[in-house]
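Read off the chains here:
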Amino acid sequence: MQQTEDKEQLLANYLDYLRVEKGLAENTVINYEYDLTDFLAYTEEQHKPLNKVDRDVIIAYLLHIQEGKQVSTVARKITAIKSFFRFLALEEILAQDVGQNLETPKLGKRYPHILTVEQMEKLLALPDSQTAIGSRDKAMFEVLYATGMRISEMLNLTLNDVNLEMHFIRCFGKGSKERIVPIGKYALDALSQYLNGARWELLSHKKSGSRTARDLGIVFVNAHGNPLSRQGFWKILKQYAASIGLEQDVTPHTFRHSVATHLLENGADLRVVQELLGHANIATTQLYTHLTQGRLRTVYEEAHPRAK
């Protein structure tokens, strides 16, 4: 086990284990690969085969890389290393799990960034719905804010998932779990305008070749008539956000966070928000209640006879 290629093969086997046995998302697997490649390179520099790596070697590595790193980054690397050595022990490649007693640093609770209602209204008003691109962008923004769905869920929507007459959208969340999400008047009008005009105009720009968005029934397409990508949407969102001077790091998930918070601020039941967002665990939804505490204080002071 002293050769570099042996370590590379073990890493490859481990990554396959994460994909097949653990069912982890590809992005997660890529992060593990990045962290472990760096760690294994360090063991090579120290002339340490894996059967000679112990807790002290791992600690030395962590001390080596921690300068300038956020606590969350170090914690992620520790998680990757612990998981890798657990795998090696389970496969009986190593006699013992040397990472089992490593402690992961405690992370401060991170709360999601949201836009205020006023900021969201400014963002929603930006697209020029008189143009094909603007009509598409208006529909996307309104649908995201109306439903709180994940960006991947929205970009995977097909025409069969949209019911304008009944005012709902069907989407498939994590684990392909289906849920039905209602949409309000603003989203309904924007989506109807886009589907009845702008979408066909954008599809007409598609050159012959592979299966088209028209064939697949994809709702949201790019300027060339192809299915819009996550990166494409993010670029669009960044441009709009910058145009109104939003200094915060606005991401596609900002819509989802904002929807949850705005609903709770306006009295929505926690279970309803959980169902709308497709959270498997209500503890995930409860994270947003922290962001509504200011609103709770204001309502209390205005309503309670003994508050003042």
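Here the structure is a predicted model, which means the values were calculated and not measured.

With that settled, the discussion passes to unusual backbone geometry. The backbone phi angle of H47 is positive, close to 55°, even though this residue is not glycine. Along the chain, the position of H47 falls in the loop between α2 (26-45) and α3 (55-65). On the basis of relative accessibility, which here comes to 70%, the residue H47 falls in the exposed class. Phi angles above zero are rare outside glycine, and H167 is one such case at about 60°. Inspection of the secondary structure puts H167 in the loop between β1 (162-163) and β2 (168-172).

In the predicted model, the protein carries a mean pLDDT of 82, and the fraction of residues at 70 or more is 81%. Mean pLDDT across the elements of the protein ranges from a minimum in helix α14 (residues 293-303), with 55, to a maximum in helix α6 (residues 132-147), with 95. Segment residues 1-5: pLDDT under 50, and 11 contacts once partners within four positions in sequence are set aside and those in other chains are kept.

Here P252 lies in helix α11 (residues 252-265). In this structure the C-alpha to C-alpha distance between P252 and I151, which are 101 residues apart in sequence, comes to 6.2 Å. For P252, the residues in contact, after removing those within four places along its chain, are I151, F233, W234 and L237.

Turning our eyes to something else, we now look at the pattern of salt bridges. Under the criterion given, the structure shown has 11 salt bridges. Here D35 ties to K77 by a salt bridge, and the two come within 3.0 Å at their closest N and O atoms. Of this pair, D35 sits in helix α2 while K77 sits in helix α4 (residues 71-90), placing them 42 residues apart in sequence. A residue is classified by how much of its surface remains accessible, and D35, at 2% relative accessible area, is buried. Using a relative accessible area of 3% as the deciding quantity, one classes K77 as buried. In this structure, K138 engages E142 in a salt bridge whose closest nitrogen and oxygen atoms are separated by 3.3 Å.

Rules of the game
- Residues numbered from 1 in each chain as written.
- Predicted model: local features only at pLDDT ≥ 70, side-chain atom pairs only at ≥ 80, totals over all residues.
- Heavy atoms only, no water.
- Helix = DSSP H or I, 4+ residues; strand = E, 2+ residues; numbered from the N terminus.
- Buried < 20%, exposed > 50% of the residue type's maximum accessible area, 1.4 Å probe, protein only.
- pLDDT = per-residue confidence, 0-100.
- Contact = heavy atoms within 4.5 Å.
- Salt bridge = Lys/Arg side-chain N within 4 Å of Asp/Glu carboxyl O.

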